[in-house]
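In case you want the letters, here they are:
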Amino acid sequence: MLWMPLAQLRRKIISSGGFVNAHAHFDRAYSVTPEDLPENNSGTATVERALREKWQLVDAWKKNSGEDDYFSHITSALRAQHEFGVRVALSFIDCDPVAGTRALSAAVKAKKYASEQLQMKFVIACQTLKGVLNPEARQYFETALPLVDIIGGLPGADRGREEEHLDVLLSAAKSTGKRVHVHVDQNNDPNERETEQLARAVIRHGLEGQVTAVHGISIGCQPKSYRQELYKLCRDAGLSFVACPGAWLDARRNEVLTPTHNAVTPVDEMIPAGLCVALGSDNISDIYKPYADGDLMVELRMLLESTHFYDAAELIRVAVDNGRRVLGLV
Ligand SMILES: [Zn+2]
């Protein structure tokens, strides 16, 4: 009998309770259209635009989507996730002046669907694509708070006022007792230091152990001495992480010089440094990632290959137990 490490890894994950997808955007899953792709577009195709542009470009789709559309997209993603062996999943859900509360209402219904039809646990976080400082956007954030399981944030949406964005999220965490997940350091750019900013904010607010950083890709752009100090700071803050390996492996070539690394959360350093890292799919078949299907086995494989991290016991923890921890389920 031939021994196949990848198949064995998968079997152990399934027998440990199945994958936990700790970060996704199911409300926009399968929203990419043929017109968004280069072969059907004479100008710069939507899928080729920069991340910040896409944050606005999704508005057209969001504006035209009703609660039933959102429900259909979310439940389609949940069924696909079930096929991939996922038994617990967290999705950020847009709740802002463009999506209104339609996606969130659909997600609340999908939670029941997941539990009754798929025997899956579906966990909801709010996505703050329009920030939390603009008064109208803030109102939607406040409306979402009682309906979400986890408070989601995107400091980059309040560019130049990231600190204030974090203060709003973390104050809400204190008043509601809910955990917080924040998108940080996702551009593979040495000028980003959002993980450090988040860890310091967590300590300032006394929320050690209650906050999770999603991505942390730009950490790999920093010199080793900075990285080592950052890991210590993250330990002090009890900051955990979600790695979404496929999310930025498509980072564009540029001429900025950094330590040689792959554009992925550096688990090969973080896990030995004692940090908790979970796994997420991030976007599925939308204008951000048209070809991503949300298969967490593929994501795990990308993670272990891109970081040369072969510790099977730790990889199983990344795929299962750590996901439960960052979702506050254990
Ligand atoms: Zn995300």
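Below is a summary of the structure that appears in this document.

About the cut-offs
- Residues numbered from 1 in each chain as written.
- Predicted model: local features only at pLDDT ≥ 70, side-chain atom pairs only at ≥ 80, totals over all residues.
- Buried ≥ 20, exposed ≤ 12 C-beta atoms within 10 Å, placed from the backbone.
- Helix = DSSP H or I, 4+ residues; strand = E, 2+ residues; numbered from the N terminus.
- Arc of directions from axis to C-beta.
- Axes fitted to C-alpha atoms, helices over the stretch in contact; angles between N-to-C directions.
- Parallel < 35°, antiparallel > 145°, perpendicular 65-115°, else oblique.
- Left-handed = near helix turned anticlockwise from the far one by under 90°.
- Contact = placed C-beta atoms within 7 Å.
- Nonpolar A, V, L, I, M, F, W, Y, C, P; charged D, E, K, R; others polar.
- Core = buried A, V, L, I, M, F, W, Y, C linked by C-beta atoms within 7 Å.

**Things to note about helix 5 (residues 135–144)**
Because an α-helix packs 3.6 residues into every turn, residues spaced three or four apart end up facing the same way. Residues of helix 5 that are buried: Ala137, Tyr140, Phe141 and Ala144. Each buried residue of helix 5 lies within a common arc of 105° when the element is viewed along its axis, so the set occupies one face. Looking at helix 5, the residues exposed on the side facing more than 90 degrees away from the buried face are Pro135 and Glu136.

**Here's the deal with the packing of helix 6 (residues 162–176) against helix 7 (residues 194–204)**
Close contact between helix 6 and helix 7 brings their axes to 10 Å; oriented N to C, the two are set at 45°. In terms of orientation, helix 6 lies oblique with respect to helix 7. In terms of crossing hand, the pair formed by helix 6 and helix 7 is right-handed. Where helix 6 abuts helix 7, its residues Glu162, Glu163, Leu166 and Leu170 lie against Glu194, Gln197, Leu198 and Ala201. Tallied by class, residues from the contact of helix 6 with helix 7 come to four nonpolar, one polar and three charged.

**What to know about the nonpolar core**
Core analysis: the biggest nonpolar cluster contains 90 residues, and Leu198, Val277 and Ala319 have the highest contact counts within it. Residues contacting alanine 319, with those up to four places away along its chain left out, are Ile13, Phe19, Val20, Leu279, Leu296 and Leu300.

So far we have only geometry, and geometry alone does not tell us how the molecule works.
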